[in-house]
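Overview (structure and organization)
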Amino acid sequence: MQPSTSSESAVRPPPGVNRVAPGQPLQWLRAGWRDLRAAPGYSLRYGAGIVLISLAITVPLALGRLAFLVPFLLAAFYLVAPLLAIGLYQMSAHLEAGESLERCQALEAFRRNQGQLGIATGFLLMILQLWILATVFLFIMLFTDPLPSWERFVAVVFLSGDHLGLVAVLVGVGAVFAAAAFCIAAVTVPMLIDRPVDAFTAARTSFAAVRVNWAPMLLWAGLIVVIVGLGLASLLLGLFVTVPLLGHATWHAYRDLVPRD
């Protein structure tokens, strides 16, 4: 008589991770650019959709009384970007396999492991909500002057030099949230659409990949900050290209960091 097991419900240990060269993130960008050039219509339409959604969220806030939230929502874009690029990961997977993109859709990727992707989505959205709540709380506690208009917000809060304490705290808190999200989500979403693993296994694998490859992953994080920042600084229009580029590149980062089955 064999003893009963609970392997069905147990969380499987994360697979091993590969060590990569310090400059490997540059290769990921090159591979992402190749994918973008191989399927420009699909990739750039996806980027256009991200731009439209971003404008639909930020423009009403910028024109209303919640304009002070816009800079922090733009910063929070980094937290949810791994989820927004799910369709791009799927495109890269199809291109890698030499398959047509005619039927490639983000929903196709989501349906493969939707329960676990839902858990990962919920966790990243929770981090985003905590970041927004922390931002509002810090403004309530530390910003004592009258709230400036959107046109003067950046100049008054960030450039005047009158609120250096508030700016330092906001940057520090934002860096903590961003670092946590990056470690947990660096390869989580691509892994969940590629393998039948649970969200916790994927997150632990992502954390292990960052820990084992801290130098190249630090470079990768810096490249993401700069490239996404260029897209945001162009009144969001640059996201049309930067999101597809980084989305495709992230798929190749996952392929290099996590050994194949």
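Given the structure is predicted, the values throughout are model-derived calculations rather than measurements.

Quick notes on the overall build of the protein chain
Regarding its fold elements, the protein chain presents 12 helices and zero strands. Along the protein chain, helices and strands appear, N-terminal first, in the series α-α-α-α-α-α-α-α-α-α-α-α. Counting every position in the protein chain, which comprises 261 residues, the buried fraction comes to 45%. When contacts within the protein chain are restricted to residue pairs at least 6 apart in sequence, long-range pairs at least 24 apart make up 77% of them. As displayed, the protein chain offers around 13700 Å² of accessible surface, 67% of which is attributable to carbon and sulfur atoms.

Remarks on unusual backbone geometry
Notably, Leu-235 is not glycine yet its phi reads approximately 60°, a positive angle. Tracing the backbone through its elements, the reader meets Leu-235 in the loop between α11 (214–233) and α12 (239–257). Here Leu-235 falls in the exposed class, since its relative accessible area comes to 67%.

Notes on the packing of aromatic side chains
Scanning the entire structure with this criterion turns up three aromatic pairs. Relative to Trp-220, the ring of Trp-28 lies with its centre 5.4 Å away and its plane at 85°, an arrangement referred to as edge-to-face. Here Trp-28, found in helix α1 (residues 24–38), pairs with Trp-220, found in helix α11; they are 192 residues apart in sequence, far enough to count as distant. The same class applies to Trp-28 and to Trp-220, which are both buried. Aromatic side chains Trp-251 and Tyr-254 sit 5.3 Å apart centroid to centroid with 55° between the ring planes, which places their arrangement in the tilted category. A residue pair is termed a helical-turn pair when its members lie 3 or 4 positions apart in one helix, as Trp-251 and Tyr-254 do in helix α12 at three residues.

Here's the deal with a nonpolar patch on the surface
A cluster of nonpolar side chains, Phe-137, Ile-140, Met-141, Leu-142 and Val-169, forms an exposed patch at the surface whose accessible area comes to about 490 Å². Considering each element in turn, the nonpolar patch owes the most residues, four residues, to helix α6 (residues 114–142). If you trace the backbone, Met-141 turns up in helix α6. The exposed category is assigned to Met-141, whose relative accessible area is 51%.

Let's talk about the pattern of salt bridges
When the charged atoms of two side chains lie near each other, side chains of opposite charge can form a pair. What the rule picks out here adds up to four salt bridges. Between Glu-96 and Arg-255 there is a salt bridge, with its nearest N and O atoms 2.7 Å apart. Taken as a pair, Glu-96 in helix α4 (residues 86–96) and Arg-255 in helix α12 lie far apart in primary sequence, 159 residues in all. By relative accessible area, which is 34% here, Glu-96 ends up partly exposed. Of the residues examined, Arg-255 reaches a relative accessible area of 16% and is grouped as buried. Here Glu-96 makes a salt bridge to Arg-260, at a shortest N to O gap of 3.7 Å. Note that Glu-96 is positioned in helix α4 and Arg-260 in the segment after α12, a separation of 164 residues in sequence. In this structure, a network of salt bridges that share partners links the residues Glu-96, Asp-194, Arg-195, Arg-255 and Arg-260.

Topic: the confidence of the model for the protein chain
The pLDDT averaged across the protein chain works out to 85; a share of 87% of its residues lies at or above 70. Throughout residues 1–11 the model reports pLDDT below 50, and contacts reaching past four residues in sequence, or to other chains, amount to four contacts.

Thoughts on helix α10 (residues 199–212)
With 14 residues, α10 extends 20 Å from end C-alpha to end C-alpha; this agrees with the ideal 20 Å at 1.5 Å per step. With respect to burial, α10 is a largely interior element, 10 of its 14 residues being buried. Every buried residue belonging to α10 is among Ala-199, Thr-201, Ala-202, Ala-203, Thr-205, Ser-206, Ala-208, Ala-209, Val-210 and Val-212, and all of these are buried. The N-terminus of α10 is capped by Asp-198, whose side-chain oxygen sits 3.0 Å from the backbone nitrogen of Phe-200.

Here's the deal with the environment of Phe-139
Relative to the helices and strands, Phe-139 resides in helix α6. In the structure, Phe-139 is positioned 28 residues away from Val-167 in sequence and 10.0 Å away in space, judged by C-alpha atoms.

Cut-off values and rules
Chains are numbered independently. Their residues run from 1 in the order of the written sequence. Since the coordinates come from a predicted model, pLDDT governs what is reported: local features require at least 70, and pairs of side-chain atoms require 80 or more to be given and counted, while whole-chain, interface and lining totals use all residues. Excluded from the side-chain calculations are hydrogens and water; all other atoms, namely the structure's heavy atoms, are used. Strands are runs of DSSP state E lasting at least two residues, helices are runs of H or I lasting at least four, and both sets are numbered from the N terminus onward. Relative accessibility decides the category of a residue: with a 1.4 Å probe and only protein chains considered, values under 20% of the type maximum give buried, values over 50% give exposed, and everything between is partly exposed. The contact rule is simple, with two residues in contact once any of their heavy atoms fall within 4.5 Å. To measure how exposed things are, a 1.4 Å probe is used in the Shrake-Rupley method; for residues, cover is taken only from the protein chains shown. Stacked, tilted and edge-to-face are the three classes applied to pairs of Phe, Tyr and Trp rings, where Trp contributes its six-membered ring and a pair requires centres within 6.5 Å; stacked means planes under 30 degrees apart, edge-to-face means over 60, and tilted covers the rest. Without a salt bridge and with relative accessible area above 30%, a residue can belong to a patch; like charges are then joined within 9 Å and nonpolar side chains (Val, Leu, Ile, Met, Phe, Trp, Tyr) within 5 Å. In the sections that follow, a salt bridge refers to a side-chain nitrogen of Lys or Arg positioned within 4 Å of a carboxyl oxygen of Asp or Glu. Per-residue confidence from the predictor is given as pLDDT, running between 0 and 100. Residue count minus one, scaled by 1.5 Å, sets the expected span of a helix. In the analysis that follows, any N or O atom pair within 3.5 Å is treated as a polar contact, provided that within protein one partner can donate a hydrogen and the other can accept it, and provided that, for residues neighboring in sequence, both atoms belong to side chains.

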